[in-house]
Amino acid sequence: QVRLVESGGGLVQPGGSLRLSCVASGSIFSVSTMGWYRQIPGQQRELVATITTADTTNYSDSVKGRFIIFRDNAKNTMYLQMNSLTPEDTAVYYCNTAAASRVGAAVRTYWGPGTQVTVSS
């Protein structure tokens, strides 16, 4: 199985910055797409940013220009650098990957347990 664990969440003031990390472990044969999602209270889970193995990135309009997604393959870690945070960014942030656990296996979607980000003064 593939396991994902997020970290770096917490309380930050409006206008501040925070960096989230997602460490992947377990049986990973190949990864197609990795990304960050978030769930704002009372809303459905939504896309924040994605990154491919070719380092192609995609951002939702609400975070474009403020957030940056990147990864460190040597550490099996993906990051989300969040800048100019606003109270509307308050949400549970989830790490996501589409991966095959072994050769010949079907590609499945995996999720981390999430990390809470609260933007408030």
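Residues numbered from 1 in each chain as written. Predicted model: local features only at pLDDT ≥ 70, side-chain atom pairs only at ≥ 80, totals over all residues. Heavy atoms only, no water.

Engineer: Would you mind going over the state of the cysteines with me for this structure?
Structural biologist: Two cysteines joined by a covalent bond between their sulfur atoms form a disulfide. Inspection of every chain in the model, using the stated rule, returns 1 disulfide. Two residues, Cys 22 and Cys 95, share a disulfide whose sulfurs are 1.8 Å apart. In this structure the cystine formed by Cys 22 and Cys 95 twists about its S-S bond by roughly -75 degrees; its chirality is therefore left-handed. Of this pair, Cys 22 sits in strand E3 (residues 18-26) while Cys 95 sits in strand E9 (residues 91-100); the two residues are 73 residues apart in sequence, bridging distant segments of the chain. Note on accessibility: Cys 22 and Cys 95 belong to one class, buried. (Disulfide = S-S within 2.5 Å. Helix = DSSP H or I, 4+ residues; strand = E, 2+ residues; numbered from the N terminus. Buried < 20%, exposed > 50% of the residue type's maximum accessible area, 1.4 Å probe, protein only.)

Engineer: Please clarify how the pattern of salt bridges should be interpreted in this entry.
Structural biologist: Note on pairing: side chains with opposite charge can pair once their charged atoms come close. Enumeration over the complete set of coordinates arrives at 5 salt bridges. Arg 71 is the salt-bridge partner of Asp 55, the closest N and O atoms lying 2.5 Å from each other. Here Asp 55, found in the loop between strand E5 (46-52) and strand E6 (57-59), pairs with Arg 71, found in strand E7 (residues 67-72); they are 16 residues apart in sequence, far enough to count as distant. For Asp 55, a relative accessible area of 49% gives the class partly exposed. Here Lys 64 makes a salt bridge to Asp 61, at a shortest N to O gap of 3.7 Å. Pair check on accessibility: Lys 64 and Asp 61 agree, each one exposed. (Salt bridge = Lys/Arg side-chain N within 4 Å of Asp/Glu carboxyl O.)

Engineer: It is not clear to me how the pairing of strand E1 (residues 2-7) should be interpreted in this structure. Could you clarify?
Structural biologist: For a regular strand, the rule is simple: side chains alternate between the two faces of the sheet. Of the two faces of E1, the one lined by Val 2, Leu 4 and Glu 6 is fully buried and the one lined by Arg 3, Val 5 and Ser 7 carries no buried residue. The pairing of E1 with E3 spans 6 bridges and is antiparallel. Note on E3: the bridge partner recorded for Val 2 is Gly 26. (Pairing = 2+ DSSP bridges.)

Engineer: Help me understand the nonpolar core in this model?
Structural biologist: Note on soluble globular proteins: their nonpolar side chains tend to be buried together. If you look at the biggest cluster of nonpolar residues, it comprises 28 residues, and the most contacted ones within it are Trp 36, Leu 80, Met 82 and Tyr 93. At the level of elements, E1, E3, strand E4 (30-39), E5, E7, strand E8 (77-82), E9 and strand E11 (115-119) are the ones that each hand at least two residues to this core. (Core = buried A, V, L, I, M, F, W, Y, C linked by side-chain atoms within 4.5 Å.)

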